[in-house]
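# Examining the three-dimensional arrangement
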Amino acid sequence: MTMQKKYDVVVIGAGHAGCEAALAAARMGCNTLMLTMNLDSIALMSCNPAIGGLAKGHLVKEIDALGGEMAKIIDRTGIQFRILNQSKGPAVRGTRAQADKQRYRLAMKESIEKQPRLDVKQGLVEKILVEGNKIVGVETNIGVTHLASSVIVTTGTFLKGLIHIGLVHYPSGRAGEFPSNGLSDNLRDLGFELGRLKTGTPARLNGRTIDFTKMKKQPGDDPAPFFSYSEKTHPLPQMPCYLTYTNASTHEIIRNNLGSSPLYAGIIKGIGPRYCPSIEDKVMRFSERERHQVFLEPEGLDTEEYYANGLSTSLPYDVQTMMYRTISGLEEVEIMRPAYAIEYDFAFPTQIQHSLETKKISGLFFAGQINGTSGYEEAAAQGLLAGVNAALKIRKREPLILSRSEAYIGVLIDDLVTRGTNEPYRMFTSRAEYRLLLREDNADLRLRHHGRNIGLVSEEDYQEFVEKKERIDCEVLRLQNLWVKPTAEVNNLLAERGSTALASEASLEQLLKRPEMAYADISRINSPPKPLDPAAAEQVEIRVKYEGYIQRQLQQVKRFASLEEKNLPDDMDYDAITGLGSEVKQKLNQVRPISLGQASRISGITPAAISLLMVALEKRKRGRA
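Residues numbered from 1 in each chain as written. Predicted model: local features only at pLDDT ≥ 70, side-chain atom pairs only at ≥ 80, totals over all residues. Heavy atoms only, no water.

Take the layout of surface pockets next. Its volume calculated, the second largest pocket comes out at about 990 Å³. When residues of the lining of the second largest pocket are traced back to their parent elements, those giving at least two are helix 11 (443-453), helix 12 (459-481) and helix 16 (534-545). With six residues, the top contributor of residues to the lining of the second largest pocket is helix 12. Residues belonging to the lining of the second largest pocket are distributed by class as follows: eleven nonpolar, four polar and 16 charged. The two domains that each donate at least three residues to the lining of the second largest pocket are domain 1 (204-339) and domain 2 (459-550). (1 Å grid on protein atoms, 1.4 Å probe; cavity = no way out; pocket = protein on both sides within 12 Å on 5 of 7 lines; lining within 4 Å. Points joined across faces, edges and corners; volume = space filled by probe spheres on them. Helix = DSSP H or I, 4+ residues; strand = E, 2+ residues; numbered from the N terminus. Nonpolar A, V, L, I, M, F, W, Y, C, P; charged D, E, K, R; others polar. Domains from an automatic or database assignment.)

The interhelical angle for the contact between helix 9 (residues 376-394) and helix 10 (residues 408-419), taken along N-to-C directions, is 90°, at an axis separation of 10 Å. Of the possible angle classes, the one that applies to helix 9 and helix 10 is roughly perpendicular. Seen from helix 9, the contacting residues are E378, A381, Q382 and L385; seen from helix 10, they are I409, L412, I413 and L416. Looking at the contact of helix 9 with helix 10 residue by residue, the classes come out as six nonpolar, one polar and one charged. (Axes fitted to C-alpha atoms, helices over the stretch in contact; angles between N-to-C directions. Parallel < 35°, antiparallel > 145°, perpendicular 65-115°, else oblique. Contact = heavy atoms within 4.5 Å.)

The sheet contact formed by strand 10 (residues 162-165) and strand 11 (residues 168-171) spans four bridges and is antiparallel. Considered in strand 11, the bridge of I163 is made with Y170. Taken together, strand 10 and the strand that follows it, strand 11, pair antiparallel across an intervening segment of two residues, in which G166 is found at a positive phi of about 65°. (Pairing = 2+ DSSP bridges.)

Here six strands make up an open sheet; going across it, the order is 14-15-16-17-13-18 and the pairing antiparallel. Unpaired on one side and paired on the other, strand 14 (216-218) and strand 18 (335-337) mark the two borders of the sheet. With direction set aside, neighbouring strand axes in the sheet form an average angle of 35°. Judged from the three bridges that link them, strand 13 (residues 204-206) and strand 17 (residues 305-309) form a sheet pairing that is antiparallel. Bridging across to strand 17, L205 finds its partner in Y306.

So this is what it looks like as structure tokens:
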């Protein structure tokens, strides 16, 4: 059966990538269809009930600055908010929130279902339909065809998903749901190279069987921070998390049962996340450690389930129970859902362009874990850009491609497209070479104009942003131009802060540059005509205090821009360039870099190879002149 209605965009999957992709495409005017295997699993948090964290919080704020949905939903459904690394510099701070898992799912489902131009249907897609090298639609397992101009694949861990609990394994996309086997085979038939990855999740524990008095209570921040620039309140009550530790008995049980671990028995073939290892891996790789942290995180206000963060495992159920009960506070614990590992197929991301459109098939986009990433935030960021670029392609407009100096989303996508990955990719602040420019606090200043240009940021939100930017600029200018005399009042305040007294006039900017002085102190000396809100005040302080460092990074961006601006033609014949080694040619042909800058970041491409490419590029230009 071929459905009569033809769509501009079909999104396969309704996880965090699928939700952002579908909303973006529909909000940009495209008739969009989201197909999911289960309408009750839209935006389900299949692993930890949390959004954000170090570097991941940056991604969420960037999604919001561009007009995405994730930040708004977590602000409305969060039950604990904290800023991590609060005592460190602004570049490495990260906002993190515990979510009410079911409320998050339902709130996103409501946004999806109420969105104009967006249809949501339950269906298992088994075939992507192609004519020549162009998308024409999709076909489900019951033979229903939906015609489309673009298709976005956001399948998460469902492609040939295989769950492992001890030596028992069975096909599943995640616990309790079917895998997607036919689509995986179809992608191979279409010529895509697929690999195998592995991830895992800890058990969910019954809170009524946990003795929280033996653990360290961890409340959230007060006042609670926000992810979204447009949300003003957190409507839900806030809940604490709890910290406990593994011990020698825990580690002994793990070591004694490695033979029943599918990971150590060689049953699992997929490569797991290096930066989020299972408890078995932690015990074996860090044998000198006497204990490992375990965070007990509530899954919601109306459930007794707790997520045992730090205890991801694929050991058998009975071993899991014994292991958990060695931990302080968990002596009588009951497991509500066992921990498990899951293997799944992914497509090597060097097969996509920076727009997330595949190189092989026009109109086909990949986003999320199919590209080898892990994490809700990485998936949502890709989903947003895939939805945006699918819509822009239909409108015959240039794709939105964010640079590495502009956004963590730019770093994420460039890393995938340029370097590829053989393990689940996770975002870290260390991956961004310009991280002082790419802070959480200035995501709107970096990206809001893009969100407005593509039509995802409302006029009201954009005007609020413009006014905020003007207030910041005016206040920085005021601090530069307003000088104070060394009065007793000024010097007394400086003494309070342990700062050297003034001997002569100084500008307010000079005083704020002092490490011990905060913007609140400067306001006491001479306040602006209209007080700044906390977000604008924070920007003023960071801009003044870090001015020298920021200017140096801007100079670095400028220096490297010359390489980024030298575009490499799509039809560049790398095999014909004399002097390039066979391995270099192979990598250049595989990635097909869009610029010399991207070519320079490909693993194994040397400065000498870049010089040869520059010469070849100049020869080509002269030959066509």
